[in-house]
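Examination of the molecular architecture
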Amino acid sequence: MTHLWVRAEQRDNETRVGLTPEGARQLISSGVTLTVEQSPTRVIPDHAYDAAGCTLAPAHSWPTAPKDAIIFGLKELPEDATPLPHRHIMFGHAFKGQPAGQVLLQRFKAGGGTLLDLEYLVDDQGRRVAAFGYWAGYAGAAVALKCWAAQQRNDIAGPVAPYDSATQLLDDLQSELMATGTNRPTALIIGALGRVGTGVFDICSAMGVACTKWDMAETKIGGPFPEVLAHDLFFNCVLARPGTPVFVPSGAGGAPRQLSVIGDIACDPDSDFSPIKVYEQTTTWAEPALRVYGDPVLDVTAIDNLPSLLPLESSEDYAAQLLPTLMTLKDNGDVWHRAEATYRTHSEQI
């Protein structure tokens, strides 16, 4: 019997979930045993999962779950160095040489568990079966526009908080931009044809921001890319991986430029493959903008859980994409075979 255990997220400002009550109902009907941890912060309340037939468990009790249970969450586990004996479905951020990821892999090796990384659940064509990309792009562009608006006030962007809906976010952002006057920035989007880039473009268009859309055809020359510096905003929507060209070199801040805000939606600054070389740390909800140059100003915004700004819409969208693959857990379908093989390859290098 397949046992899926949905854990309560333990990261600040993380209220998303990868399975809705309706999806839980379908999994249970297919023969999956479902345990959902109680959470006072999850965007979908506990009682909805109870009504769907799930067994509720205390928050953060997953370490005591039966050893054959598959632990399902989204973001990081607590960094307490304990061995991990279970199979975990999560975003591990561990396969691109990230320092924290290497520690995580060591914990799995020590415990005999397995990381089934959500980023590496792919079909037979190598395409991801589910992604938060659209909402990451949508929310990330909103934060970058807030950074630009703050610059117009000779300020730096203040804290951000989740919205009940995309409509509420649009209304708030529109008011903030209108307070700056009628001028609007220009934007260059790299990775514009993907989910992330589409989200960026949609909200920029709604705000009257003129966008230049680039994808693989425009970046295949490998750089340099002076066009990046010729726009007010630059959005990186390309995941860091071997062969990714550098879009913003380390000396870009001191070069003649129009660029004043970088929205690194892909947000992988501690990877050697990061295409943005003017910063080395993610930004936070409390401090969304990192000022990397002061004259003229250049701010980077790089929040690594952007879809949490729109937790309900992003959760429902992602869960709908992922459910067909979760339905194959009991048969250990091809997607899970590939994910486990990816983990084995990387864990052997530790």
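Nothing here was measured: the structure is a model prediction, and the numbers come from that model.

1. What about the side chain of Ser61?
Of note, Ser61 is situated in the loop between strand 3 (55-57) and strand 4 (70-72). Of the residues examined, Ser61 reaches a relative accessible area of 15% and is grouped as buried. Separated by 2.7 Å, the side chain of Ser61 and the backbone oxygen of Pro58 make a polar contact. Apart from the residues lying within four places of it in its own chain, the contact partners of Ser61 are Trp5 and Glu37.

2. With respect to the side chain of Thr301
Relative to the helices and strands, Thr301 resides in strand 12 (residues 297-301). For Thr301, the contacting residues outside a window of four places in its chain are Val143, Ala144, Cys147, Ile262, Gly263, Asp264, Thr283 and Pro288.

3. Some points on the pattern of salt bridges
Scanning the model with the defined rule gives 15 salt bridges in all. Note that Arg7 is salt-bridged to Glu9, the shortest N-O span being 3.6 Å. Across the pair, Glu9 and Arg7 agree in class, each one buried. Each of the salt bridges in this network shares a partner with another, and the network as a whole consists of Lys146, Arg153, Asp172 and Glu176.

4. What to know about the pairing of strand 8 (residues 210-214)
With five bridges joining them, strand 7 (residues 186-190) and strand 8 adopt parallel strand pairing. Paired with Thr186 across the two strands is Ala210, which belongs to strand 8. Handedness of the strand 7-helix 6 (residues 195-206)-strand 8 crossover: right-handed.

5. Re helix 10 (residues 334-347)
Over its 14 residues, helix 10 runs 20 Å from end to end, which matches the ideal 20 Å to within 8%, given 1.5 Å per residue. Tucked inside the fold, the buried residues of helix 10 contact strand 5 (87-90), helix 3 (99-111), strand 6 (114-117) and helix 9 (311-326).

6. Looking at the packing of aromatic side chains
Inspection of the entire model under this criterion finds eleven aromatic pairs. With centroids separated by 5.1 Å and ring planes inclined at 85°, the aromatic side chains of Tyr134 and Trp135 adopt a geometry described as edge-to-face. On the basis of relative accessibility, which here comes to 13%, the residue Trp135 falls in the buried class. Consider the rings of Phe225 and Phe247, whose centres lie 5.7 Å apart with planes at 55°: the pair is tilted. Residue Phe225 is found in the loop between helix 7 (216-219) and helix 8 (226-229), and its partner Phe247 is found in the loop between strand 9 (233-236) and strand 10 (261-264); the two are separated by 22 residues along the sequence. Like Phe247, Phe225 is buried. Ring pairs connect the aromatic residues Trp214, Phe225, Phe234 and Phe247, which therefore count as one cluster. The residue whose ring lies beneath Arg16 is Phe132, and the NZ or CZ to ring-centre distance is 4.4 Å. A cation over a ring is seen here: Lys213 above Phe201, with NZ or CZ 4.1 Å from the ring centre.

Criteria and cut-off values
Residues numbered from 1 in each chain as written. Predicted model: local features only at pLDDT ≥ 70, side-chain atom pairs only at ≥ 80, totals over all residues. Heavy atoms only, no water. Helix = DSSP H or I, 4+ residues; strand = E, 2+ residues; numbered from the N terminus. Buried < 20%, exposed > 50% of the residue type's maximum accessible area, 1.4 Å probe, protein only. Polar contact = N/O pair within 3.5 Å; in protein donor to acceptor, adjacent residues only side chain to side chain. Contact = heavy atoms within 4.5 Å. Salt bridge = Lys/Arg side-chain N within 4 Å of Asp/Glu carboxyl O. Pairing = 2+ DSSP bridges. Right-handed = clockwise from strand over helix to strand, strands pointing away. Expected span 1.5 Å × (residues − 1). Phe/Tyr/Trp six-rings, centres within 6.5 Å; stacked < 30°, edge-to-face > 60°. Lys NZ or Arg CZ within 6 Å of the ring centre and 35° of its normal.

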